[in-house]
Amino acid sequence: MNISTSDDAARWRGRGVIARYRAYLPVAETTPVISLGEGGTPLIHSPRLSAAIGRACGVFVKYEGLNPTGSFKDRGMTVAVSKAVERGAKMLICASTGNTSASAAAYAARAGIGCAVVLPAGKIASGKMVQAVAYGARIVTIEGNFDQALEIVRALGQRDDFAIVNSINPDRIGGQKTAAFEIVEELGEAPDFHLLPVGNAGNITAYWAGYEDFCNAGKAKRRPKMIGFQAAGAAPIFRGEIVVRPETVATAIRIGKPASWSQAKRAIADSGGMIDIVSDEEILEAQRWLARGEGIFVEPASAAPIAGLLRAAGAEKVTAHFSAASIPDGSRIVCTVTGHGLKDPEALASAIAAARPVPPNETAVLRALDTARS
Ligand SMILES: *Cc1c(COP(=O)(O)O)cnc(C)c1O
(Lines give C-alpha, C1' and ligand atoms only; values in the text may rest on other atoms or scores of the structure.)
Protein backbone atom coordinates (compact mmCIF):
# COMPACT_ATOMS: atom_id res chain seq x y z
CA MET A 1 0.00 0.00 0.00
CA ASN A 2 1.35 3.39 -0.89
CA ILE A 3 0.28 6.93 -0.41
CA SER A 4 1.16 10.26 -1.94
CA THR A 5 0.59 13.54 -0.18
CA SER A 6 -2.34 15.32 -1.75
CA ASP A 7 -1.76 18.68 -3.44
CA ASP A 8 -4.04 20.21 -0.85
CA ALA A 9 -1.80 19.16 2.05
CA ALA A 10 1.24 20.51 0.21
CA ARG A 11 -0.51 23.83 -0.36
CA TRP A 12 -1.06 24.31 3.38
CA ARG A 13 2.32 23.10 4.62
CA GLY A 14 4.07 25.66 6.81
CA ARG A 15 1.03 27.91 7.14
CA GLY A 16 -0.13 26.50 10.48
CA VAL A 17 -3.26 24.73 11.66
CA ILE A 18 -5.36 27.85 12.26
CA ALA A 19 -5.01 28.99 8.65
CA ARG A 20 -5.93 25.54 7.35
CA TYR A 21 -8.72 24.56 9.75
CA ARG A 22 -10.07 27.90 10.96
CA ALA A 23 -13.71 26.78 10.46
CA TYR A 24 -13.31 24.00 13.04
CA LEU A 25 -11.44 26.06 15.65
CA PRO A 26 -12.60 28.55 18.29
CA VAL A 27 -11.06 31.56 16.50
CA ALA A 28 -12.69 34.68 15.08
CA GLU A 29 -11.54 36.91 12.20
CA THR A 30 -10.18 39.30 14.83
CA THR A 31 -8.17 36.69 16.78
CA PRO A 32 -4.45 37.44 16.41
CA VAL A 33 -2.88 34.28 14.97
CA ILE A 34 0.31 33.23 16.77
CA SER A 35 1.79 30.47 14.60
CA LEU A 36 5.13 28.84 13.86
CA GLY A 37 3.83 26.83 10.91
CA GLU A 38 2.83 23.80 13.00
CA GLY A 39 0.92 20.80 11.60
CA GLY A 40 1.12 19.30 8.12
CA THR A 41 3.31 16.52 9.51
CA PRO A 42 4.04 13.46 7.37
CA LEU A 43 1.83 10.38 7.50
CA ILE A 44 4.43 7.75 6.68
CA HIS A 45 3.46 4.33 5.36
CA SER A 46 5.47 1.71 7.25
CA PRO A 47 6.11 -1.40 5.13
CA ARG A 48 7.74 -3.25 8.03
CA LEU A 49 4.96 -2.59 10.55
CA SER A 50 2.42 -3.51 7.86
CA ALA A 51 4.28 -6.76 7.18
CA ALA A 52 4.47 -7.51 10.91
CA ILE A 53 0.67 -7.35 11.17
CA GLY A 54 0.22 -9.01 7.76
CA ARG A 55 -3.15 -9.89 6.19
CA ALA A 56 -3.11 -6.90 3.82
CA CYS A 57 -3.19 -4.38 6.67
CA GLY A 58 -1.62 -0.95 6.12
CA VAL A 59 0.16 0.76 9.00
CA PHE A 60 0.93 4.49 8.91
CA VAL A 61 3.01 6.56 11.30
CA LYS A 62 1.94 10.17 11.94
CA TYR A 63 5.29 11.78 12.71
CA GLU A 64 4.46 14.61 15.11
CA GLY A 65 8.11 15.06 16.06
CA LEU A 66 8.37 17.25 12.95
CA ASN A 67 6.34 20.09 14.47
CA PRO A 68 8.20 23.40 15.16
CA THR A 69 9.24 22.46 18.71
CA GLY A 70 9.35 18.73 18.05
CA SER A 71 6.03 17.51 19.44
CA PHE A 72 2.27 17.58 18.78
CA LYS A 73 1.85 20.11 21.61
CA ASP A 74 2.41 22.89 19.02
CA ARG A 75 -0.97 22.18 17.37
CA GLY A 76 -2.79 22.99 20.59
CA MET A 77 -0.41 25.74 21.61
CA THR A 78 -0.99 27.90 18.52
CA VAL A 79 -4.71 28.04 19.36
CA ALA A 80 -4.26 28.40 23.14
CA VAL A 81 -1.71 31.22 22.79
CA SER A 82 -3.66 33.02 20.05
CA LYS A 83 -6.74 32.98 22.28
CA ALA A 84 -4.75 34.02 25.35
CA VAL A 85 -3.29 37.00 23.47
CA GLU A 86 -6.77 37.89 22.21
CA ARG A 87 -7.90 38.04 25.85
CA GLY A 88 -4.96 40.30 26.71
CA ALA A 89 -2.72 37.76 28.52
CA LYS A 90 0.80 38.94 29.37
CA MET A 91 2.08 35.73 31.02
CA LEU A 92 1.43 32.07 30.18
CA ILE A 93 1.83 29.35 32.78
CA CYS A 94 1.96 25.58 32.51
CA ALA A 95 2.99 22.42 34.32
CA SER A 96 4.89 20.08 32.06
CA THR A 97 6.70 16.79 31.61
CA GLY A 98 8.77 18.78 29.09
CA ASN A 99 7.05 19.19 25.75
CA THR A 100 4.25 21.51 26.86
CA SER A 101 6.84 23.85 28.38
CA ALA A 102 9.00 23.76 25.23
CA SER A 103 5.98 24.60 23.09
CA ALA A 104 4.51 27.23 25.43
CA ALA A 105 7.89 28.97 25.71
CA ALA A 106 8.28 29.11 21.92
CA TYR A 107 4.79 30.45 21.22
CA ALA A 108 5.08 32.97 24.08
CA ALA A 109 8.32 34.22 22.51
CA ARG A 110 6.58 34.45 19.14
CA ALA A 111 3.74 36.43 20.76
CA GLY A 112 6.11 38.66 22.71
CA ILE A 113 4.68 37.71 26.12
CA GLY A 114 6.11 35.91 29.16
CA CYS A 115 5.99 32.22 30.01
CA ALA A 116 6.34 30.50 33.38
CA VAL A 117 6.84 26.75 33.53
CA VAL A 118 6.58 24.46 36.56
CA LEU A 119 8.47 21.19 36.12
CA PRO A 120 9.10 18.02 38.16
CA ALA A 121 12.81 18.24 39.13
CA GLY A 122 15.05 15.63 37.52
CA LYS A 123 12.27 14.15 35.37
CA ILE A 124 12.53 16.35 32.28
CA ALA A 125 14.47 15.03 29.28
CA SER A 126 17.46 17.32 28.68
CA GLY A 127 16.47 18.33 25.14
CA LYS A 128 13.15 19.66 26.41
CA MET A 129 14.80 21.55 29.25
CA VAL A 130 17.22 23.10 26.76
CA GLN A 131 14.25 24.32 24.71
CA ALA A 132 12.55 26.06 27.66
CA VAL A 133 15.85 27.79 28.46
CA ALA A 134 16.51 28.75 24.83
CA TYR A 135 13.06 30.30 24.35
CA GLY A 136 13.49 32.30 27.55
CA ALA A 137 10.84 30.81 29.83
CA ARG A 138 10.91 31.42 33.59
CA ILE A 139 11.57 27.92 34.90
CA VAL A 140 10.67 26.61 38.35
CA THR A 141 11.37 22.99 39.24
CA ILE A 142 9.55 21.37 42.16
CA GLU A 143 10.50 18.49 44.40
CA GLY A 144 7.46 16.59 43.20
CA ASN A 145 5.89 14.99 40.12
CA PHE A 146 3.86 16.32 37.20
CA ASP A 147 0.52 15.79 38.92
CA GLN A 148 1.63 18.03 41.80
CA ALA A 149 2.96 20.63 39.36
CA LEU A 150 -0.40 20.73 37.58
CA GLU A 151 -2.25 21.20 40.88
CA ILE A 152 -0.08 24.23 41.66
CA VAL A 153 -0.61 25.66 38.18
CA ARG A 154 -4.39 25.18 38.45
CA ALA A 155 -4.32 27.23 41.67
CA LEU A 156 -2.08 29.97 40.22
CA GLY A 157 -4.33 30.13 37.16
CA GLN A 158 -7.11 31.51 39.39
CA ARG A 159 -5.10 34.74 39.49
CA ASP A 160 -5.57 37.32 36.72
CA ASP A 161 -1.88 37.50 35.86
CA PHE A 162 -1.53 33.94 34.47
CA ALA A 163 -3.13 32.22 31.45
CA ILE A 164 -2.97 28.41 31.77
CA VAL A 165 -1.93 26.60 28.59
CA ASN A 166 -2.06 23.01 29.85
CA SER A 167 -4.53 20.71 28.07
CA ILE A 168 -7.17 21.56 30.72
CA ASN A 169 -7.44 24.67 28.50
CA PRO A 170 -10.05 23.63 25.88
CA ASP A 171 -8.29 25.71 23.20
CA ARG A 172 -5.40 23.22 23.38
CA ILE A 173 -7.72 20.28 22.68
CA GLY A 174 -9.30 22.27 19.84
CA GLY A 175 -5.97 22.77 18.10
CA GLN A 176 -4.87 19.17 18.59
CA LYS A 177 -7.96 17.91 16.73
CA THR A 178 -6.31 19.04 13.51
CA ALA A 179 -4.06 15.97 13.39
CA ALA A 180 -7.17 13.80 12.92
CA PHE A 181 -8.35 16.12 10.12
CA GLU A 182 -5.04 15.76 8.30
CA ILE A 183 -5.16 11.96 8.56
CA VAL A 184 -8.70 11.74 7.16
CA GLU A 185 -7.84 14.11 4.31
CA GLU A 186 -4.69 12.21 3.44
CA LEU A 187 -6.18 8.68 3.61
CA GLY A 188 -9.50 9.81 2.13
CA GLU A 189 -11.28 8.26 5.13
CA ALA A 190 -10.71 7.68 8.85
CA PRO A 191 -8.49 4.67 9.61
CA ASP A 192 -9.91 1.53 11.28
CA PHE A 193 -7.64 1.86 14.31
CA HIS A 194 -5.84 4.81 15.84
CA LEU A 195 -3.06 4.01 18.32
CA LEU A 196 -1.35 6.63 20.50
CA PRO A 197 0.39 7.10 23.85
CA VAL A 198 -1.73 8.39 26.75
CA GLY A 199 -0.40 10.58 29.56
CA ASN A 200 -2.63 13.44 30.69
CA ALA A 201 -5.10 12.10 28.08
CA GLY A 202 -5.64 15.39 26.24
CA ASN A 203 -4.46 14.06 22.90
CA ILE A 204 -6.71 10.97 22.75
CA THR A 205 -9.59 13.29 23.68
CA ALA A 206 -8.60 15.70 20.90
CA TYR A 207 -8.23 13.05 18.18
CA TRP A 208 -11.63 11.61 19.00
CA ALA A 209 -13.22 15.08 18.88
CA GLY A 210 -11.50 15.65 15.52
CA TYR A 211 -12.80 12.41 14.02
CA GLU A 212 -16.29 13.24 15.32
CA ASP A 213 -16.14 16.75 13.82
CA PHE A 214 -15.21 15.34 10.42
CA CYS A 215 -18.00 12.73 10.60
CA ASN A 216 -20.51 15.44 11.49
CA ALA A 217 -19.22 17.61 8.63
CA GLY A 218 -19.63 14.71 6.17
CA LYS A 219 -15.87 14.54 5.53
CA ALA A 220 -15.60 11.00 6.95
CA LYS A 221 -18.08 8.12 7.02
CA ARG A 222 -16.63 6.32 10.00
CA ARG A 223 -14.51 6.81 13.08
CA PRO A 224 -11.56 4.67 14.20
CA LYS A 225 -11.34 2.50 17.27
CA MET A 226 -9.14 4.49 19.66
CA ILE A 227 -6.39 2.38 21.26
CA GLY A 228 -4.44 4.20 24.00
CA PHE A 229 -1.19 2.98 25.54
CA GLN A 230 0.06 3.86 29.01
CA ALA A 231 3.39 2.82 30.52
CA ALA A 232 2.95 -0.11 32.92
CA GLY A 233 4.37 1.96 35.82
CA ALA A 234 2.10 4.94 35.09
CA ALA A 235 -1.21 3.41 34.07
CA PRO A 236 -4.05 4.99 36.08
CA ILE A 237 -6.70 4.63 33.36
CA PHE A 238 -5.77 0.99 32.66
CA ARG A 239 -5.77 0.13 36.38
CA GLY A 240 -8.80 2.27 37.20
CA GLU A 241 -7.10 4.15 40.04
CA ILE A 242 -4.79 7.09 40.66
CA VAL A 243 -1.10 6.14 40.64
CA VAL A 244 0.53 8.17 43.43
CA ARG A 245 4.12 7.52 42.34
CA PRO A 246 4.12 6.96 38.57
CA GLU A 247 7.43 5.66 37.15
CA THR A 248 8.54 5.09 33.55
CA VAL A 249 11.44 5.92 31.21
CA ALA A 250 8.80 7.52 29.00
CA THR A 251 8.78 10.80 30.94
CA ALA A 252 6.15 12.42 28.68
CA ILE A 253 3.56 9.93 29.97
CA ARG A 254 4.80 9.73 33.55
CA ILE A 255 1.41 10.83 34.90
CA GLY A 256 -0.65 9.26 37.68
CA LYS A 257 -3.80 11.39 37.59
CA PRO A 258 -4.73 12.37 34.01
CA ALA A 259 -6.63 15.66 33.69
CA SER A 260 -8.77 14.33 30.80
CA TRP A 261 -9.38 10.90 32.38
CA SER A 262 -13.18 10.81 31.91
CA GLN A 263 -13.02 12.25 28.36
CA ALA A 264 -10.45 9.60 27.42
CA LYS A 265 -12.64 6.82 28.82
CA ARG A 266 -15.56 8.13 26.81
CA ALA A 267 -13.50 8.25 23.59
CA ILE A 268 -12.35 4.67 24.16
CA ALA A 269 -15.84 3.40 25.00
CA ASP A 270 -17.68 5.28 22.22
CA SER A 271 -15.14 4.13 19.62
CA GLY A 272 -15.13 0.49 20.72
CA GLY A 273 -11.42 0.82 21.49
CA MET A 274 -9.33 0.01 24.53
CA ILE A 275 -6.67 1.25 26.94
CA ASP A 276 -3.61 -0.96 27.25
CA ILE A 277 -0.16 -0.96 28.84
CA VAL A 278 3.38 -1.60 27.65
CA SER A 279 6.50 -2.13 29.76
CA ASP A 280 9.54 0.17 29.72
CA GLU A 281 11.53 -2.64 28.06
CA GLU A 282 8.94 -2.94 25.29
CA ILE A 283 8.95 0.86 24.85
CA LEU A 284 12.74 1.10 24.48
CA GLU A 285 12.84 -1.92 22.16
CA ALA A 286 10.12 -0.36 19.96
CA GLN A 287 11.95 2.99 19.93
CA ARG A 288 15.07 1.23 18.66
CA TRP A 289 13.08 -0.89 16.19
CA LEU A 290 11.37 2.13 14.62
CA ALA A 291 14.61 4.09 14.30
CA ARG A 292 16.57 1.19 12.79
CA GLY A 293 13.73 -0.38 10.86
CA GLU A 294 12.05 2.66 9.36
CA GLY A 295 14.40 5.59 9.98
CA ILE A 296 11.92 7.27 12.31
CA PHE A 297 13.50 8.42 15.58
CA VAL A 298 11.03 9.19 18.37
CA GLU A 299 11.24 9.80 22.09
CA PRO A 300 10.36 6.87 24.40
CA ALA A 301 6.72 7.88 25.10
CA SER A 302 6.05 8.01 21.36
CA ALA A 303 7.21 4.41 20.97
CA ALA A 304 4.44 3.11 23.27
CA PRO A 305 1.87 2.54 20.48
CA ILE A 306 4.57 0.95 18.30
CA ALA A 307 5.40 -1.39 21.19
CA GLY A 308 1.72 -2.25 21.53
CA LEU A 309 1.37 -2.93 17.82
CA LEU A 310 4.51 -5.08 17.64
CA ARG A 311 3.25 -7.14 20.56
CA ALA A 312 -0.19 -7.45 18.92
CA ALA A 313 1.49 -8.72 15.76
CA GLY A 314 2.92 -11.62 17.73
CA ALA A 315 -0.30 -12.41 19.62
CA GLU A 316 -2.80 -14.29 17.46
CA LYS A 317 -5.09 -15.29 20.32
CA VAL A 318 -7.48 -12.90 22.01
CA THR A 319 -5.75 -11.81 25.20
CA ALA A 320 -6.20 -9.09 27.79
CA HIS A 321 -4.01 -6.97 25.51
CA PHE A 322 -4.59 -5.43 22.10
CA SER A 323 -3.96 -8.40 19.80
CA ALA A 324 -3.90 -9.30 16.11
CA ALA A 325 -7.14 -11.21 16.68
CA SER A 326 -8.94 -7.89 17.12
CA ILE A 327 -7.57 -6.51 13.82
CA PRO A 328 -9.64 -7.53 10.74
CA ASP A 329 -7.89 -8.28 7.41
CA GLY A 330 -7.15 -5.20 5.32
CA SER A 331 -7.38 -2.78 8.25
CA ARG A 332 -5.80 0.63 8.07
CA ILE A 333 -3.95 1.47 11.26
CA VAL A 334 -2.49 4.86 12.20
CA CYS A 335 0.03 5.22 15.04
CA THR A 336 0.74 8.74 16.28
CA VAL A 337 4.36 9.13 17.34
CA THR A 338 4.13 12.24 19.46
CA GLY A 339 7.65 13.66 19.92
CA HIS A 340 11.12 13.71 18.34
CA GLY A 341 13.84 11.35 19.54
CA LEU A 342 16.41 14.15 19.84
CA LYS A 343 14.55 15.52 22.84
CA ASP A 344 15.64 12.67 25.08
CA PRO A 345 19.29 11.74 24.50
CA GLU A 346 19.45 10.16 27.99
CA ALA A 347 17.36 7.25 26.70
CA LEU A 348 20.35 6.23 24.52
CA ALA A 349 23.16 7.55 26.76
CA SER A 350 24.75 4.17 27.50
CA ALA A 351 25.28 3.46 23.79
CA ILE A 352 26.90 6.87 23.28
CA ALA A 353 29.20 6.42 26.29
CA ALA A 354 30.35 3.05 24.93
CA ALA A 355 32.00 4.62 21.83
CA ARG A 356 35.80 4.79 22.47
CA PRO A 357 38.23 6.67 20.21
CA VAL A 358 40.80 4.62 18.21
CA PRO A 359 44.13 5.66 16.57
CA PRO A 360 43.68 7.80 13.42
CA ASN A 361 44.42 5.17 10.72
CA GLU A 362 42.41 2.94 8.32
CA THR A 363 43.29 -0.35 10.03
CA ALA A 364 42.16 0.82 13.44
CA VAL A 365 38.93 2.27 12.03
CA LEU A 366 38.15 -0.94 10.08
CA ARG A 367 38.81 -3.06 13.15
CA ALA A 368 36.60 -0.80 15.25
CA LEU A 369 33.81 -0.98 12.63
CA ASP A 370 33.98 -4.77 12.79
CA THR A 371 33.39 -4.82 16.53
CA ALA A 372 30.84 -1.97 16.42
CA ARG A 373 28.19 -4.12 14.68
CA SER A 374 25.25 -4.29 17.03
C1 LIG B 1 2.31 15.24 26.02
C2 LIG B 1 2.88 14.03 25.40
C3 LIG B 1 2.23 12.79 25.45
C4 LIG B 1 0.97 12.56 26.20
O5 LIG B 1 -0.12 13.25 25.66
P6 LIG B 1 -1.41 13.52 26.57
O7 LIG B 1 -2.23 14.45 25.79
O8 LIG B 1 -0.88 14.11 27.85
O9 LIG B 1 -2.04 12.19 26.81
C10 LIG B 1 2.81 11.73 24.78
N11 LIG B 1 3.98 11.85 24.12
C12 LIG B 1 4.62 13.03 24.06
C13 LIG B 1 5.91 13.09 23.33
C14 LIG B 1 4.11 14.15 24.70
O15 LIG B 1 4.77 15.31 24.64
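Relevant structure appears above.
Residues numbered from 1 in each chain as written. Predicted model: local features only at pLDDT ≥ 70, side-chain atom pairs only at ≥ 80, totals over all residues. Heavy atoms only, no water.

**Q** Got a minute to help me understand the sheet that holds strand β4 (residues 114-120) in this structure?
**A** Sheets are built from strands paired through backbone hydrogen bonds, the pairs being either parallel or antiparallel. One open sheet holds the four strands; their spatial order is β5-β4-β3-β6, and the pairing between them is parallel. Edge positions in the open sheet fall to β5 (138-142) and β6 (163-164), since each of these has one partner strand only. Of the strand pairs in this sheet, strand β3 (residues 91-95) and β6 are connected by two bridges, and their pairing is parallel. Looking across to β6, one finds that L92 is bridged to A163. (Pairing = 2+ DSSP bridges. Helix = DSSP H or I, 4+ residues; strand = E, 2+ residues; numbered from the N terminus.)

**Q** Explain empty space enclosed by the protein here, please?
**A** Left-over empty space is what a probe sized like a water molecule reveals as it rolls over the atoms. In this structure the tally under the stated criterion is three cavities of 30 Å³ or more. Approximately 320 Å³ is the volume found for the largest cavity. In this structure, the largest cavity is lined by 29 residues; those nearest its centre are F72, K73, G199, N200 and A252. Every element with two or more residues in the lining of the largest cavity is listed here: α5 (99-111), α8 (170-176) and α10 (202-216). Top contributing element to the lining of the largest cavity by residue count: α10, with three residues. When its residues are assigned to classes, the lining of the largest cavity shows eleven nonpolar, 15 polar and three charged. (1 Å grid on protein atoms, 1.4 Å probe; cavity = no way out; pocket = protein on both sides within 12 Å on 5 of 7 lines; lining within 4 Å. Points joined across faces, edges and corners; volume = space filled by probe spheres on them. Nonpolar A, V, L, I, M, F, W, Y, C, P; charged D, E, K, R; others polar.)

**Q** What's the story with unusual backbone geometry in this structure? I'm lost.
**A** When glycine is set aside, most residues are seen to have a negative phi, and most peptide bonds are trans. One non-glycine residue, R55, lies in positive phi territory at about 45 degrees. Counting through the fold element by element, R55 comes out in the loop between α3 (47-53) and β2 (58-63). Judged by its relative accessible area of 32%, R55 falls in the partly exposed class. Despite not being glycine, A56 shows a phi value in the positive range, around 60 degrees. The topology assignment puts A56 in the loop between α3 and β2. (Buried < 20%, exposed > 50% of the residue type's maximum accessible area, 1.4 Å probe, protein only.)

**Q** What am I meant to see in the pattern of salt bridges here?
**A** Opposite charge on two side chains makes pairing possible when the charged atoms of those side chains draw close. Summed over all chains, the structure comprises 17 salt bridges. The shortest N-O distance in the salt bridge between K219 and E185 comes to 3.7 Å. Taken together, the positions of K219 in the loop between α10 and β8 (225-231) and E185 in helix α9 (residues 178-187) put the pair 34 residues apart, joining distant regions of the chain. We classify K219 as partly exposed; its relative accessible area is 41%. Judged by relative accessible area, which is 25%, E185 ranks as partly exposed. With a shortest N-O distance of 3.5 Å, E282 and R311 are connected by a salt bridge. Note that E282 is positioned in helix α13 (residues 280-294) and R311 in helix α14 (residues 304-313), a separation of 29 residues in sequence. Connected via shared salt-bridge partners are K62, E64, R75 and E182. (Salt bridge = Lys/Arg side-chain N within 4 Å of Asp/Glu carboxyl O.)

**Q** In this structure, what is going on with α9? I would like to understand it.
**A** Because the α-helix completes a turn every 3.6 residues, residues three or four places apart line up on one side. Here α9 lies mainly inside the structure; nine of its ten residues are buried. Here α9 has its buried residues at T178, A179, A180, F181, E182, I183, V184, E186 and L187. One or two positions beyond α9, positive phi appears at G188, with a value near 85 degrees.

**Q** Honestly, a nonpolar patch on the surface in this entry has me stumped. Any pointers?
**A** Taken together, V358, V365, L366 and L369 make up a surface patch of nonpolar side chains, about 360 Å² in accessible area. Along the chain, V365 turns up in helix α16 (residues 362-371). (Patch = residues over 30% accessible without salt bridge, like charges linked within 9 Å, V, L, I, M, F, W, Y side chains within 5 Å. Areas by Shrake-Rupley, 256 points an atom, 1.4 Å probe, with all protein chains shown as cover.)

**Q** How should I be thinking about α5 in this particular structure?
**A** Here α5 spans 18 Å end to end across 13 residues, near enough to the 18 Å set by a 1.5 Å rise per residue. Most of α5 is tucked away, with ten of its 13 residues classed as buried. Those residues of α5 not exposed but buried are N99, T100, S101, A102, S103, A104, A105, A106, Y107 and A108. Two residues or fewer after α5 comes G112, characterised by a positive phi angle close to 75 degrees. (Expected span 1.5 Å × (residues − 1).)

**Q** Explain the nonpolar core to me, please; I cannot follow it from the model alone.
**A** Most often, soluble globular proteins have nonpolar side chains that are buried together. By size, the foremost hydrophobic cluster in this structure holds 33 residues, and its most contacted members are I53, L195, L309, F322, I327 and I333. Here this core gets six residues from one element, more than from any other, and that element is α14. Apart from residues lying up to four places away in sequence, I327 is in contact with I53, R55, C57, F193, L309, F322 and I333. If you look at the next biggest cluster of nonpolar residues, it comprises 31 residues, including L25, A180, W261 and I268. (Core = buried A, V, L, I, M, F, W, Y, C linked by side-chain atoms within 4.5 Å. Contact = heavy atoms within 4.5 Å.)

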